[in-house]
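# Coordinate analysis (summary)
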Amino acid sequence: MAEQNGFTPAARFLLVAGAFVVVVAGLKSASNLVTPFLLAVFIAVLVVPPLQYMRSHGLPAWAAMLVVVATLLGAGSAVVGLFSGSLSDFNASLPSYQERVKGLTGELVTLLDNVGIHVSRQAVNSIIDPGRIFAMATELIRGIGGVLTNAFLILLTVIFILFEANSLPSKLRAALRQPEASLSHLHEVMHTINRYMFLKFCTSVLTGVLLWAWLRFLGVDFPAMWGMLAFLLNFVPTIGSIIAGVPPIMLALIQLGIDDALLVTIGYMVVNVSIGNFLEPRVMGQGLGLSTLVVFLSLIFWGWVLGPAGMFLSVPLTMALKIGFGANTQTYPIAVMLGPADEARALVAAGRSNSLPLTPPEDSAAGELDPGA
């Protein structure tokens, strides 16, 4: 095939790598435009099932759309209002927290002197600098707020996507050469992403509510803001829960003392471990269909390309790419490499270990997947 096209395998690899770099560079440079559109697409995928449910139970299309739009407006307004008010109060309280840090630093230096360890206050300040952590939390919240400032554009895009959703299958059947195979893969992508987003939304709500209640019980300042931050960062795999826990733990240490900070830490560990390691695997069944390394690398990659919103969308985007790669014989090996080890072992056990690259499952014939067939 390569010789017929006049390209050696090495030349084809370089062409594909060059095209990949160009596409990534274009996405990064246009992230301000691409990110709201991707957010709108995933929100639309998430709200399509409730919309179809209301329409199937006799509610007119315009009324169902009105309910969805009103719900999105209410949720968006609540989040924006919460972050705006809490962030203003947090910034106003920051000087008092910094004064408290200076007092704690002095107590620590005195304690170290009493046990024969002599250190300067400047050295301790350079090591213990909660201001940096609070600044990181502030920037993160501002970054989320920056995404929410495009809420009106995102909402309009969601509305237009929902209006076009019913006519999309007809357009694809008219435009594609093998529409049924393409529609099947599109349905698989939407079903997988919708299931993941819905279940992740439910577990994130549970995480945020439990942590809000725990912080409120302990008396930590701004529990609603930290609960909302835990809810949002629970969508970020691997490191999201860790990042969400650092600011409230530091705040509890400064505001209430080491005992309460330990209680906050224990609360975050119990909630995140129980939900992330026990509840989510049970409700999500076989998992994400991605290897742990791929999940972590996709977090870094999409975060670099699309900014903070890319971290939230990293798993759904990578899942969509994996399903897309699995729909073509030439890119199927990439889909296998993106998947978990259990998936590869199942393929090997099915008798596909004799040749590499691995070939697609036999129920996905090459003639159905190859556009040139």
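Residues numbered from 1 in each chain as written. Predicted model: local features only at pLDDT ≥ 70, side-chain atom pairs only at ≥ 80, totals over all residues. Heavy atoms only, no water.

## Some remarks on the overall build of the chain
For the record, the criterion: Secondary structure elements follow DSSP: runs of H or I no shorter than four residues count as helices, runs of E no shorter than two count as strands, and numbering proceeds from the N terminus. Buried, partly exposed and exposed residues are distinguished by accessible area as a fraction of the type maximum, computed with a 1.4 Å probe on protein chains only: under 20%, between the cut-offs, and over 50%, respectively. Any two residues whose heavy atoms approach within 4.5 Å are treated as being in contact. Accessible surface area values rest on a Shrake-Rupley calculation with a 1.4 Å probe, where residue burial reflects the displayed protein chains alone.
Within the chain, the regular secondary structure consists of 16 helices and zero strands. Counting all 373 residues of the chain, 36% fall into the buried class. Counted over contacts in the chain with a minimum sequence separation of 6, partners at least 24 positions apart contribute 70%. Surface summary for the chain: the accessible area is close to 21100 Å², and the carbon and sulfur share equals 69%.

## Section: helix α9 (residues 223–233)
Burial analysis of α9 places 10 of its 11 residues in the buried class, the great majority of the element. Listed as buried for α9 are Pro 223, Met 225, Trp 226, Gly 227, Met 228, Leu 229, Ala 230, Phe 231, Leu 232 and Leu 233.

## Some remarks on the nonpolar core
Let me state the cut-off plainly: Residue types Ala, Val, Leu, Ile, Met, Phe, Trp, Tyr and Cys, when buried and joined through side-chain atoms within 4.5 Å, form a set referred to as a nonpolar core.
Core analysis: the biggest nonpolar cluster contains 38 residues, and Leu 162, Leu 306 and Leu 317 have the highest contact counts within it. In terms of residues, this core owes the most to one element, helix α2 (residues 31–56), which gives 11 residues. Aside from chain neighbours lying at most four places away, what touches Leu 162 is Ala 44, Val 47, Val 48, Leu 51, Met 65 and Val 68. Counting residues in hydrophobic clusters, the runner-up holds 32 residues, among them Leu 218, Val 220, Met 225 and Leu 299.

## Overview of the packing of α9 against helix α10 (residues 240–255)
Note the threshold: Under this scheme, a helix contributes an axis fitted over its contacting stretch, all axes are lines through C-alpha atoms, and angles between N-to-C directions fall in the 0 to 180 degree range. Put simply, angles under 35 degrees are roughly parallel, angles over 145 are roughly antiparallel, angles from 65 to 115 are roughly perpendicular, and the rest are oblique. Here a crossing is called left-handed whenever its near helix is offset anticlockwise from the far helix by less than a right angle, and right-handed whenever the offset is clockwise. Any residue outside Ala, Val, Leu, Ile, Met, Phe, Trp, Tyr, Cys, Pro, Asp, Glu, Lys and Arg is labelled polar, Gly included; the first ten of those are nonpolar and the last four are charged.
Where α9 meets α10, the closest approach of the two axes is 8 Å, and the angle between their N-to-C directions is 165°. If you check the angle between α9 and α10, you find them roughly antiparallel. Crossing handedness for the pair α9 and α10: right-handed. For the pair α9 and α10, the contacting residues are Trp 226, Leu 229, Ala 230 and Leu 233 in the first and Gly 240, Ser 241, Ile 243, Ala 244, Pro 247, Pro 248 and Leu 251 in the second. Its residues assigned to classes, the contact of α9 with α10 shows nine nonpolar, two polar and no charged.

## Describing a nonpolar patch on the surface
To be explicit about the condition: Any residue with relative accessible area above 30% and no salt bridge may belong to a patch, with like charges joined within 9 Å and the nonpolar Val, Leu, Ile, Met, Phe, Trp and Tyr side chains within 5 Å. Whenever a carboxyl oxygen of Asp or Glu lies within 4 Å of a side-chain nitrogen of Lys or Arg, that contact is scored as a salt bridge.
A contiguous nonpolar surface patch, about 480 Å² in accessible area, is contributed by Phe 152, Leu 156, Phe 160 and Phe 163. Relative to the elements of secondary structure, Phe 152 occurs in helix α6 (residues 151–165). A relative accessible area of 61% means that Phe 152 is categorised as exposed.

## Regarding the confidence of the model for the chain
How we decide: Predictor confidence is given residue by residue as pLDDT, running from a minimum of 0 to a maximum of 100.
Considering every residue of the chain, the mean pLDDT works out to 76; 78% of them sit at 70 or more. Here residues 353–373 is a poorly scored stretch, pLDDT under 50, and it has 32 contacts once near neighbours within four places are set aside; other chains count.

## Concerning the packing of aromatic side chains
The test is simple: By convention, a stacked pair of Phe, Tyr or Trp rings (six-membered ring in the case of Trp) has centres within 6.5 Å and planes under 30 degrees apart, an edge-to-face pair has planes over 60 apart, and any other such pair is tilted.
Per the counting criterion, the structure on display carries five aromatic pairs. Considering the side-chain rings of Phe 201 and Phe 231, the 5.8 Å spacing of their centres and the 85° angle between planes classify their relative orientation as edge-to-face. With Phe 201 in helix α8 (residues 179–218) and Phe 231 in helix α9, this residue pair connects regions lying 30 residues apart in the sequence. Taking the relative accessible area as the measure of exposure, Phe 201 reaches 38% and is therefore partly exposed. With a centroid separation of 5.1 Å and an interplanar angle of 75°, the aromatic rings of Phe 301 and Trp 302 are classed as edge-to-face. For Trp 302, a relative accessible area of 9% gives the class buried. Chaining the aromatic ring pairs together yields one cluster made of Phe 20, Phe 301 and Trp 302.

## Quick look at the environment of Val 34
By the secondary structure assignment, Val 34 is in helix α2. When its relative accessible area of 18% is taken as the criterion, Val 34 is described as buried. Placed 272 residues apart in sequence, Val 34 and Leu 306 show a C-alpha to C-alpha distance of 7.9 Å. Those residues within four positions of Val 34 in sequence are excluded, and the remaining contacts are Leu 27 and Leu 306.

## As for the environment of Ala 25
Residue position: Ala 25 is located in helix α1 (residues 9–29). Distance in space between the C-alpha atoms of Ala 25 and Val 305 is 8.1 Å, their sequence separation being 280 residues.

## Comments concerning unusual backbone geometry
The phi dihedral of Phe 222 is positive, around 55°, even though this residue is not glycine. Structurally, the position occupied by Phe 222 is in the loop between α8 and α9. Taking relative accessible area as the criterion, Phe 222 reaches 16% and is therefore assigned buried.

## Focus: the environment of Leu 168
When you line up the elements, Leu 168 lands in helix α7 (residues 168–175). Among the residues examined, Leu 168 registers a relative accessible area of 36% and is labelled partly exposed. C-alpha of Leu 168 to C-alpha of Leu 183: the two residues are 15 residues apart in sequence and 9.7 Å apart in space.

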